[in-house]
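# What the coordinates show
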Amino acid sequence: MLSMIGLLGGIGLLIYLTMRGMNLLLAAPLAAFIVAIFSGIPIFPQLAGEGEVNFLTNYMNGFAGFITSWYLMFLFGAIFGKLMEDSGAADSVSKWIIGKIGMKRAALAVVIACAVLTYGGVSLFVVAFSVYPMALSLFKEANLPRRFIPAALAFGSTTFTMTSAGSPEIQNWIPIEFLGTSPYAAWEVSFIVAVFMMAFGYWWLKKMINKAIRNGERFEARETDSALMRENLPSPVLSMVPLLVVLVISFIFHDFLAQSALIIALLSGCFATYFLNQKYFTNVWGAVSEGTIGALIAIANTSAVVGFGGVAKATPAFASAVDAMTSIPGSPLIGGALAVAVIAGLTGSASGGQSIALPLLAPHYLDMGVNASELHRVVAISSGSIDSLPHGGYVVTTIRAICGESHKDAYPAFGALTVIVPILGVILAVILFSIF
């Protein structure tokens, strides 16, 4: 009981401190420390017995492990985004899109850009880095409140694309190992759910933006924004080539190199941006430097939250929560969805929720005769729901590090589209599987 109080209290404290704007490099280890104390976990390895977990090792293993896996992707993704911004390519693409679909659909353009890259295999974090400069330019041109940019980026990346049939994102591939399915599992229902999430989510996003505009909100420029008024922009067609390079190369090498394909794809995108737009750069090395600093801040914030998850997973309360979630009576699809969603929420990671729950869920439910494809699709969609609570690594990186917004301003719309919409998608999927 004490361990459960500590786990829930630690998560609550982390969410509270995050919403209050406290630096995550302080908030996450502090919350993890509370979790460890209440669970009786030794603080230092010297105080732990042989083979026994301890706060410092578990936290730093989670922190350093994320950096080891993702640093180069963050680095090249941030540099790519800054090069697109400094060369004017992002402005060129945004102006072209505005000209084609109109000012009122600027948010839709951001959503579509994120969806294309995500479904093409580009990592969610990298998509946010890459599309943000274009999103900023689009929202500026359309004079829309910039606090909705994180929601638009996340909605296009983590809802109807990330967990849909055929998606190359890891959230759609983890179930394959445990269920023996394919990435196209239950594609018919997946398609219906994806269309629903896309239509309903965009309607909701547009409604929130329109309400803010009626209340007098407009785009507010900042000192950190590029103040240069460009008259001579690169061709929009050539400006889109680097985005296509990232998309195509990541798709080609995805099966062979997995997430490492992004290193090649993003580096290629950086070179393509440079060589196609050399004469349009204002300060190319300044852009590289800014991208590098941005990548370091973003990955440090995310790693801090992953470290918290490393401590949380070592507690007796976490093991009890997993047992309770995997023993829920009733429809196995509902039990599987709840188990994965809750664990993803505790760890702040969709892939983490699947990786922990599926080794326990899969044998149990398959022995019961549950349709593996249906279970695959339900757990995939549910993993992308409450993983997006305020303390989630992707949430913090997108809102704070990439977009420079506060949780207070940006999270209400962000949470509505990345938590509530996927939950409704899961409910719809379970209903459809029950009918057909």
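Residues numbered from 1 in each chain as written. Predicted model: local features only at pLDDT ≥ 70, side-chain atom pairs only at ≥ 80, totals over all residues. Heavy atoms only, no water.

## Description of the overall build of the chain
Secondary structure assignment for the chain yields 18 helices and 0 strands. Here the chain has a C-alpha radius of gyration of 21 Å; the compact-globule value for 436 residues is 22 Å, and the two agree. In terms of its C-alpha atoms, the chain occupies a principal-axis envelope of roughly 65 × 55 × 50 Å. Here the chain, with 436 residues, has 57% of them falling under the buried criterion. (Helix = DSSP H or I, 4+ residues; strand = E, 2+ residues; numbered from the N terminus. Rg over C-alpha atoms; globule rule 2.2 N^0.38 Å. Buried < 20%, exposed > 50% of the residue type's maximum accessible area, 1.4 Å probe, protein only.)

## Re the environment of phenylalanine 76
Tracing the backbone through its elements, the reader meets phenylalanine 76 in helix H3 (residues 55-86). Take phenylalanine 76: its relative accessible area is 16%, and that puts it in the buried class. Leaving out residues up to four positions away in the same chain, phenylalanine 76 has contacts with Ile263, Leu266, Leu267 and Cys270. (Contact = heavy atoms within 4.5 Å.)

## Quick word on empty space enclosed by the protein
On inspection of all chains with the given rule, the structure shows 1 cavity of 30 Å³ or more. Size it by volume and the largest cavity reaches roughly 60 Å³. Of all the secondary-structure elements, those providing two or more residues to the lining of the largest cavity are helix H5 (106-119) and helix H6 (124-142). The element that contributes the greatest number of residues to the lining of the largest cavity is H6, accounting for 4 residues. Residues of the lining of the largest cavity, tallied by class, amount to 8 nonpolar, 1 polar and no charged. (1 Å grid on protein atoms, 1.4 Å probe; cavity = no way out; pocket = protein on both sides within 12 Å on 5 of 7 lines; lining within 4 Å. Points joined across faces, edges and corners; volume = space filled by probe spheres on them. Nonpolar A, V, L, I, M, F, W, Y, C, P; charged D, E, K, R; others polar.)

## Some thoughts on the pattern of salt bridges
One pass over the structure, following the stated rule, counts 5 salt bridges. Its salt-bridge partner being lysine 82, residue glutamate 85 comes within 3.1 Å of it at the nearest N-O pair. Note that glutamate 85 and lysine 82 are positioned in helix H3 at a spacing of 3 residues, about one turn of the helix. Judged by relative accessible area, lysine 82 falls into the partly exposed class, the value being 24%. A salt bridge links arginine 222 to glutamate 405, with the nearest nitrogen and oxygen atoms 2.9 Å apart. (Salt bridge = Lys/Arg side-chain N within 4 Å of Asp/Glu carboxyl O.)

## Notes on the environment of leucine 153
Relative to the helices and strands, leucine 153 resides in helix H7 (residues 149-158). For the pair leucine 153 and tyrosine 132, spaced 21 residues apart in the sequence, the C-alpha separation amounts to 7.5 Å. Residues in contact with leucine 153, not counting those within four places in the same chain, are Val110, Cys114, Ala128, Val131, Tyr132, Ala135, Tyr394, Thr398 and Cys403.

## A short note on the packing of H5 against H6
At their nearest, the axes of H5 and H6 sit 9 Å apart, and the two run at 160° to each other. By the angle between their axes, H5 is roughly antiparallel relative to H6. When you trace H5 past H6, the crossing you get is right-handed. Between H5, through Ala106, Ala107, Ala109, Val110, Ala113, Cys114, Leu117 and Thr118, and H6, the contact on the second element is made entirely by Leu124, Val127, Val131, Met134, Ala135, Leu138, Phe139 and Ala142. Residue composition of the contact of H5 with H6, grouped by class: 15 nonpolar, 1 polar and no charged. (Axes fitted to C-alpha atoms, helices over the stretch in contact; angles between N-to-C directions. Parallel < 35°, antiparallel > 145°, perpendicular 65-115°, else oblique. Left-handed = near helix turned anticlockwise from the far one by under 90°.)

## Quick look at the layout of surface pockets
One way to see where empty space is left: roll a probe the size of a water molecule over the atoms. Considered as a void within the structure, the second largest pocket measures approximately 480 Å³ in volume. Taken together, 22 residues make up the lining of the second largest pocket; nearest its centre are Lys82, Tyr132, Ala401, Ile402 and Cys403. With 5 residues, helix H12 (residues 284-312) is the single largest residue contributor to the lining of the second largest pocket. For the lining of the second largest pocket, a count of residues per class yields 10 nonpolar, 5 polar and 7 charged.

## What about helix H1 (residues 2-19)?
Taking 1.5 Å of rise per residue, the 18 residues of H1 would be expected to cover 26 Å, and the 25 Å separating its terminal C-alpha atoms lies within 8% of that figure. Listing the buried residues of H1 in full gives Ser3, Gly6, Leu7, Gly10, Ile11, Leu14, Leu17 and Thr18. Summarising the axial view, the buried residues of H1 lie within an arc of 135°, below the 170-degree limit, and thus occupy one face. Away from the buried face of H1 by more than 90 degrees, exposed residues Leu2 and Leu8 are located. (Expected span 1.5 Å × (residues − 1). Arc of directions from axis to C-beta.)

Taken by themselves, the reported measurements are silent on function.
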